[in-house]
Amino acid sequence: MSRKLFYYNGADLVFGYHNQRILDQIKQYSKPVWLYQKEVIQERIQWIQSWPQLGRLHYAMKANFHPEILKLIKENQCGIDAVSLGEMTHAVACGFTPQDIILSGVAKTRDELTWAIQNEIYQINIESPSELAKIIEINKLLQKKISLSIRVNPEVDAETHPGIATALKDSKFGLDFKGAEILIRRIADDSNLQLKAISFHIGSQILNVNVFEKAIQVVKPFYQKAKTLCPELERLDLGGGVGIDYMDADSDKDLARWKALEEIYTKELRDFDAFLILEIGRFLVARSGVLISRVEIIKQADQVNYLILDAGMSLLIRPALYDACHEVLPLKKSGTDDTTVYTVVGPICESSDVFATNKKMQTLSEGDLVAICDAGAYGSSMSSRYNLREPAEEIFI
Ligand SMILES: Cc1ncc(COP(=O)(O)O)c(C=O)c1O
């Protein structure tokens, strides 16, 4: 079975499930534009929420914080995983309550922690002794009951790009079990502090779901030990990180990957007495967005045929940052079988502004439009004004 999210209807590239031609959405192309289909996100939320043991799905809004997406997340009774004051206040502006918010992040500021404590958010995930000390200090004045989690580092290799692996030994994220236990004892001694959760997050764009099993197996005994010290402990926060195959936008394969992970979660956690939380970003939104761009220049170097687009790393930095691949598809199929091997690059004044190297594609002309696929996660949210380029408009189909 295969349900491709991109295919050609005649000469026209279609995106999504309703035979919608991308060209119909682009009235008069003048500059790059992000195009989203919320339905793709809705479907994935349902896949995940159908896992019977799930307590609550929190959306890692760093993946994409567009208000339309947050609105959809809210409508589906999901919580939020935020990593800054900006994300927390944006979530509230988009209709979430502080009780919907988990605050993650390796170096939370005094302002962020103060806001989180004052507004009594759902959970603050602590990652260092200094952070706990800051919380205690801030709370001397505020005297609130604070729901905390300790983020542990299970030291499991997520088998992903090192730039998005977060549980290697000596990672800056989380605490080793020894360090975590010291903080848990400190929390147990303070009547204003409540250890509600143990959390972990081993990395992003994880394709081998078996690594999640390893992490759970390592964390479970620690959870039990922590519960003897803090009986109020009731939640296990499993983080996020499940990935997609960027070179094959097939929803059925994505569903199969989620189902494989769900089976692991069920096997490991069926009899585990805890409210289970997921903090998922990429898997929910990556497939929902494309970046539409125009071939600005075609240029021949000695050995390389450059296809230079008007969108580059200032809009989509993933390829330059961690060698990520995105499929690049012409919006119009040509009538011939002519192909050319291109290196597809952006216009930015950096040699690393490369989307694809030596990619065999249909022969294109300057002015042709292309879709950079699966760009809904860590696309617009990571974009910048580098080279003082305009941000791209975001359109929802
Ligand atoms: C703590 C935490 N939770 C969840 C996520 C979401 O990861 P993903 O988008 O891979 O699901 C991240 C991403 O970096 C994270 O740092």
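Rules used throughout
Residues numbered from 1 in each chain as written. Predicted model: local features only at pLDDT ≥ 70, side-chain atom pairs only at ≥ 80, totals over all residues. Heavy atoms only, no water. Helix = DSSP H or I, 4+ residues; strand = E, 2+ residues; numbered from the N terminus. Rg over C-alpha atoms; globule rule 2.2 N^0.38 Å. Buried < 20%, exposed > 50% of the residue type's maximum accessible area, 1.4 Å probe, protein only. Lys, Arg positive; Asp, Glu negative; His and termini not counted. Charge placed at Lys NZ, Arg CZ, Asp CG, Glu CD. Pairing = 2+ DSSP bridges. Disulfide = S-S within 2.5 Å. Domains from an automatic or database assignment. Contact = heavy atoms within 4.5 Å. Salt bridge = Lys/Arg side-chain N within 4 Å of Asp/Glu carboxyl O. Polar contact = N/O pair within 3.5 Å; in protein donor to acceptor, adjacent residues only side chain to side chain. Core = buried A, V, L, I, M, F, W, Y, C linked by side-chain atoms within 4.5 Å. Right-handed = clockwise from strand over helix to strand, strands pointing away. Near = heavy atom within 4 Å. Nonpolar A, V, L, I, M, F, W, Y, C, P; charged D, E, K, R; others polar. Expected span 1.5 Å × (residues − 1). Bend = angle between axes of the 7 residues up to and from the residue.

What about the overall build of the protein?
- The number of helices and strands found in the protein is 11 helices and 18 strands.
- The C-alpha radius of gyration of the protein comes to 22 Å, within 12% of the 21 Å expected for a compact globule of 397 residues.
- For the protein, the C-alpha atoms occupy an extent of roughly 75 × 45 × 40 Å along the three principal directions.
- Relative to its 397 residues, the protein shows a buried fraction of 56%.
- Where the 45 positive side-chain charges of the protein centre and where its 53 negative ones centre are 3 Å apart.

Focus on the pairing of strand S17 (residues 369–372)
- Every second residue of S17 is oriented toward a common face, with Leu369 and Ala371 on one face and Val370 and Ile372 on the other, all of them buried.
- As paired strands, strand S14 (residues 328–330) and S17 are joined by three bridges and run antiparallel to one another. Across the sheet, residue Pro330 finds its bridge partner in S17, namely Val370.

A look at the state of the cysteines
- For the coordinates displayed, the defined rule picks out zero disulfides.
- A disulfide-free cysteine, Cys94 has its sulfur positioned 14 Å from the sulfur of Cys78, the nearest such atom.

Notes on the domain arrangement of the protein
- Here the protein is partitioned into domain 1 (6–36 + 287–396) and domain 2 (104–280).
- Placing a centre on the C-alpha atoms of domain 1 and another on those of domain 2 gives a separation of 36 Å.
- Contacts between the two partners involve 12 residues from domain 1 and, on the opposite side, 12 residues from domain 2.
- The interface formed by domain 1 and domain 2 includes one salt bridge.
- Among the salt bridges present, the one from Asp254 reaches Arg287, with a minimum N-O distance of 2.7 Å.
- At the boundary of domain 1 with domain 2, the tally comes to four residue pairs in polar contact (both at pLDDT 80 or more).

Considering the nonpolar core
- Ranked by size, the top nonpolar core spans 84 residues in total, and within it Ile150, Ile198 and Leu236 carry the most contacts.
- With eight residues, the top contributor of residues to this core is helix H8 (residues 210–229).
- Membership of the second largest hydrophobic core comes to 20 residues, among which are Val295, Val370, Ala375 and Ala392.

What about the pairing of strand S8 (residues 146–151)?
- Counting buried positions along S8 gives six out of six residues, so the element sits mostly inside the fold.
- Side chains Ile146, Leu148 and Ile150 project from S8 onto one buried face, and the interleaved Ser147, Ser149 and Arg151 project onto a second face that is buried too.
- With three bridges joining them, strand S7 (residues 123–126) and S8 adopt parallel strand pairing. Of the residues in S8, the one forming a bridge with Ile124 is Leu148.
- This β-α-β element, S7 to helix H6 (residues 129–142) to S8, shows right-handed connectivity.
- Sheet analysis places S8 next to strand S9 (residues 193–199), joined by six bridges and oriented parallel. Each residue of the ladder has a partner; that of Ser149, found in S9, is Ala197.

Looking at helix H5 (residues 110–118)
- What H5 keeps buried is the set Glu112, Leu113, Trp115, Ala116 and Ile117.
- Where H5 is buried, its residues contact helix H4 (85–93), strand S6 (101–103), S7, H6 and S8.
- Glu120 sits one or two residues past H5 and shows a positive phi near 55°.

Digging into unusual backbone geometry
- Non-glycine residue Glu155 carries a positive phi angle of around 55°.
- The class of Glu155 is partly exposed, set by a relative accessible area of 39%.
- Its identity is not glycine, yet Leu388 carries a phi of approximately 50°, on the positive side.
- Looking at where Leu388 falls in the secondary structure, it is placed in the loop between S17 and strand S18 (393–396).
- On the basis of relative accessibility, which here comes to 68%, the residue Leu388 falls in the exposed class.

Here we look at the site of the ligand
- For the ligand, the set of nearby residues contains 14 residues, the closest of which are Ser204, Gly241, Glu279, Arg282 and Tyr378.
- Within the side chain of Glu279, an N or O atom sits 2.6 Å from a nitrogen atom of the ligand.
- Between an oxygen atom of the ligand and a side-chain N or O atom of Tyr378, the distance comes to 2.5 Å.
- Considering only residue class, the shell around the ligand consists of three nonpolar, six polar and five charged.

Digging into the pattern of salt bridges
- Taken as a whole and assessed by the stated rule, the structure comprises 29 salt bridges.
- Between Arg151 and Glu127 there is a salt bridge, with the nearest N and O atoms lying 3.2 Å from each other. In this pair, Arg151 sits in strand S8 while Glu127 sits in the loop between S7 and H6, placing the two residues 24 residues apart along the sequence. For the pair Arg151 and Glu127, a shared accessibility class is recorded, and that class is buried.

Some words on H8
- Look at H8: 30 Å from first C-alpha to last across 20 residues, which is about the 28 Å you get at 1.5 Å a residue.
- When the local axis directions of H8 are compared, the greatest deviation, roughly 25°, occurs at Val219, which is followed within four positions by the proline Pro221.
- Of the residues making up H8, those classed as buried are Val211, Phe212, Glu213, Ala215, Ile216, Val219, Lys220, Phe222, Tyr223 and Ala226.
- Residues of H8 that are buried in the fold lie against helix H7 (177–188), S9, strand S10 (235–237) and helix H9 (251–269).

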